[in-house]
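Understanding the architecture of this molecule
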Amino acid sequence: TANVTSGGAVVVSSFPWIEDFDSQNSGSTTPPAGWQQETGDSTGANSDWIFLQGQAPTASTSPLGDHGSGSGIYAYVEDSGANHSNVSLRTPCIDLSGLSNPQLSFWFHSQDASGGLNSNPMSVDVIVQPAGTVTMDVFGPEANIGNGWMLRNADLSAFAGQTVRLVFRGRSDGGTAKNDTAIDDIQVFDMQP
């Protein structure tokens, strides 16, 4: 099940649209304008995406810094302190009506310190607005790609002409602190032939 809301007044309609999280406060769970932490998936410690500068407490599984400069902010799911099967972060509404071949790209970090035994996969889902129709896993699930930021892409052309919200759906296995998940430099653009 998914708790679907409208996304408020922020609608992205200028492309390419890029979110690097660098305007966020390090250590905060307050997302950028128009973004939303999922309120119905988990509660308690580490039940939201965290915006961070530098390395997370689980040093063997988190990036050393953000993608690119290494000194900016990235978003991540902390894999310790609780067991959350879904930790979701939603984008603002994105109006794809002017794009003929919309695409998503983002930088992804997922390193399992235990060699893949406790991997916490991440997926990207799409919610069509205002109907609330959910398409699961336009990206992923994927986990444990090694120590380093890797570029990932998802084809959004099936949603051309519609308004959507993207949901970055992570998880944590709790307690063992083996596999954080991190994202940065998210971009939605029109891929030209």
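In case you missed it, the structure is sitting above this.
Regarding the side chain of D185
- Tracing the backbone through its elements, the reader meets D185 in strand β13 (residues 181-190).
- Looking at D185, its side chain comes within polar contact range of the side chain of H67, at 2.6 Å.
- Once residues within four sequence positions are removed from consideration, D185 is found in contact with E19, D20, H67, S105, F106 and W107.

Digging into the pattern of salt bridges
- This structure, assessed with the given rule, holds four salt bridges.
- Here D125 and R169 are joined by a salt bridge, their closest N and O atoms 2.6 Å apart. One end of the pair, D125, is in strand β9 (residues 122-129); the other, R169, is in strand β12 (residues 163-172), with 44 residues separating them in the sequence. Of the two residues examined, D125 and R169, each falls in the buried class.
- For R152, the salt bridge is made with E142, and the minimal N-O distance between the two is 2.9 Å. Residue R152 is found in strand β11 (residues 146-155), and its partner E142 is found in strand β10 (residues 133-142); the two are separated by ten residues along the sequence.
- For R152, a relative accessible area of 18% corresponds to the buried category.
- Counted as one network, the salt bridges with shared partners bring together D125, D137 and R169.

Some remarks on the environment of A158
- Mapped onto the fold, A158 is located in the loop between β11 and β12.
- A C-alpha to C-alpha distance of 13 Å links A158 and D190, two positions 32 residues apart in sequence.

With respect to unusual backbone geometry
- Each neighbour pair has its own omega, and for F15 with P16 the value is 0 degrees, a cis peptide bond.
- As for its placement among the helices and strands, P16 is situated in the loop between β1 (11-12) and β2 (17-19).
- For the peptide bond that leads from G140 to P141, omega is 5 degrees, which places it in the cis range.
- Assignment of secondary structure puts P141 in strand β10.
- The backbone of D137 shows a phi angle near 60 degrees, a positive value even though the residue is not glycine.
- The residue D137 is located in strand β10 in this model.
- On the basis of relative accessibility, which here comes to 35%, the residue D137 falls in the partly exposed class.
- Although it is not a glycine, D185 adopts a positive phi angle of roughly 45 degrees.

Quick word on the pairing of strand β6 (residues 84-90)
- Counting buried residues in β6 gives five out of seven residues, a clear majority hidden from the surface.
- As judged from the two bridges shared by strand β3 (residues 36-37) and β6, these two strands associate in the antiparallel manner. Bridge pairing in β6 places Q36 opposite R90.
- One ladder, built from five bridges, connects β6 with β12; its direction is antiparallel. Along β12, the bridge assignment pairs R90 with V167.

Basis of the calculations
- Residues numbered from 1 in each chain as written.
- Predicted model: local features only at pLDDT ≥ 70, side-chain atom pairs only at ≥ 80, totals over all residues.
- Heavy atoms only, no water.
- Helix = DSSP H or I, 4+ residues; strand = E, 2+ residues; numbered from the N terminus.
- Polar contact = N/O pair within 3.5 Å; in protein donor to acceptor, adjacent residues only side chain to side chain.
- Contact = heavy atoms within 4.5 Å.
- Salt bridge = Lys/Arg side-chain N within 4 Å of Asp/Glu carboxyl O.
- Buried < 20%, exposed > 50% of the residue type's maximum accessible area, 1.4 Å probe, protein only.
- Pairing = 2+ DSSP bridges.

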